[in-house]
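Single-letter residue listing:
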Amino acid sequence: GESVGLHLPTLSVQEGDNSIINCAYSNSASDYFIWYKQESGKGPQFIIDIRSNMDKRQGQRVTVLLNKTVKHLSLQIAATQPGDSAVYFCAETGDSSYKLIFGSGTRLLVRP
Amino acid sequence: DGGITQSPKYLFRKEGQNVTLSCEQNLNHDAMYWYRQDPGQGLRLIYYSQIVNDFQKGDIAEGYSVSREKKESFPLTVTSAQKNPTAFYLCASSTQGTYGYTFGSGTRLTVV
């Protein structure tokens with residue numbers, strides 16, 4: 001079936017550098033995408049979202065980019081901090097029931 | 001403060017036993033969801049409910065059962081028919097017609 005996937009299972013970055021986490025999706029009908037952050041032993045927390053009628057959306061230190069042509073989503077974190085270390089998931093809408101389909105996640109490790 | 005509470009945080013089950021995981025929310029959300037997360041993997045949907053007294057199977061419903069007798073509560077029973085129940089279980093809720101999920105902190109179930 002349709003699924004959301006990630007290119008890199010683990011990303012290691014130096015503190016202060018920018019991080020880019022990528023996600024590929026296969027359902028061209030998806031119209032809403034969300035990035036979640038999950039710390040160890042906790043539930044996912046909402047980071048930022050974007051609708052398919054947008055290419056870019058910015059939050060505090062985070063930016064989400066959407067390329068519908070190649071069905072690619074990315075999360076950019078500026079000035080990465082140790083507290084950013086976590087697993088990051090992208091999610092997409094699978095259908096009109098408002099169910100989210102989650103990718104397998106990328107682990108972000110921030111080196112001091 | 002409004003939120004979503006899962007209990008217990010850790011649960012141990014003997015093979016052949018049924019166990020019930022609790023999920024309660026005071027956010028006045030209409031929809032509730034149960035996800036399963038295995039190590040290093042994304043979230044897979046078990047069951048979801050968009051309204052009281054109604055629920056639908058997700059992608060991996062076999063071996064699980066749910067009920068939605070109250071808006072605030074969506075308990076998940078892991079039955080003996082579930083052959084690999086050891087996992088991290090996450091409950092989420094959202095307002096009907098939106099994709100903004102709020103997640104609980106999860107229950108880690110281990111079969112001993």
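In this report, we go over the structure that sits alongside the text. Predicted, not measured: the structure shown is a model, and the values here were computed from it.

Brief notes about the overall build of chain B
Here is step 1: Along the backbone of chain B there are zero helices and 11 strands.
Here is step 2: Start at the N end of chain B and walk to the C end: the helices and strands fall as β-β-β-β-β-β-β-β-β-β-β.
Here is step 3: For chain B, whose C-alpha radius of gyration is 13 Å, the value lies close to the compact-globule estimate of 13 Å for 112 residues.
Here is step 4: Taken over the C-alpha atoms alone, chain B extends approximately 40 × 25 × 25 Å along its principal axes.
Here is step 5: Among the 112 residues that make up chain B, the fraction classed as buried is 48%.
Here is step 6: Here the contacts in chain B between residues at least 6 apart in sequence split such that 53% fall between residues at least 24 apart.
Here is step 7: The positive charge centre, built from 11 side chains, and the negative charge centre, built from 10, are 7 Å apart in chain B.

Description of the overall build of chain A
Here is step 1: When its secondary structure is counted, chain A shows zero helices and 11 strands.
Here is step 2: Overall, chain A shows an N-to-C arrangement of helices and strands of β-β-β-β-β-β-β-β-β-β-β.
Here is step 3: Roughly 5,400 Å² of accessible area belongs to chain A as shown, and the carbon and sulfur atoms make up 47% of that amount.

Details of the pairing of strand β5 (residues 45-51) of chain A
Residue and element names in this part refer to chain A.
Here is step 1: Pairing between strand β4 (residues 32-38) and β5: six bridges, direction antiparallel. Considered in β5, the bridge of Y32 is made with R51.
Here is step 2: In this antiparallel pair of consecutive strands, β4 and β5, the connection spans six residues, and G41 shows a positive phi of 75°.

Structural notes on the interface of chain B and chain A
Here is step 1: Tallying the contact residues gives 21 residues for chain B and 19 residues for chain A.
Here is step 2: Here chain B packs against chain A, burying approximately 1,600 Å² in sum over the two surfaces, 59% of which is carbon and sulfur.
Here is step 3: Put simply, chain B and chain A have zero salt bridges between them.
Here is step 4: Our enumeration of links across chain B and chain A arrives at three residue pairs in polar contact (both at pLDDT 80 or more).
Here is step 5: Elements represented by at least two residues in the side of chain B that touches chain A include exactly β4 (31-37), β5 (43-51) and β9 (87-94) of chain B.

What counts as what
- Residues numbered from 1 in each chain as written.
- Chains lettered and ligands numbered in written order.
- Predicted model: local features only at pLDDT ≥ 70, side-chain atom pairs only at ≥ 80, totals over all residues.
- Heavy atoms only, no water.
- Helix = DSSP H or I, 4+ residues; strand = E, 2+ residues; numbered from the N terminus.
- Rg over C-alpha atoms; globule rule 2.2 N^0.38 Å.
- Buried < 20%, exposed > 50% of the residue type's maximum accessible area, 1.4 Å probe, protein only.
- Contact = heavy atoms within 4.5 Å.
- Lys, Arg positive; Asp, Glu negative; His and termini not counted.
- Charge placed at Lys NZ, Arg CZ, Asp CG, Glu CD.
- Areas by Shrake-Rupley, 256 points an atom, 1.4 Å probe, with all protein chains shown as cover.
- Pairing = 2+ DSSP bridges.
- Buried area = accessible area lost by both parts, 1.4 Å probe.
- Salt bridge = Lys/Arg side-chain N within 4 Å of Asp/Glu carboxyl O.
- Polar contact = N/O pair within 3.5 Å; in protein donor to acceptor, adjacent residues only side chain to side chain.

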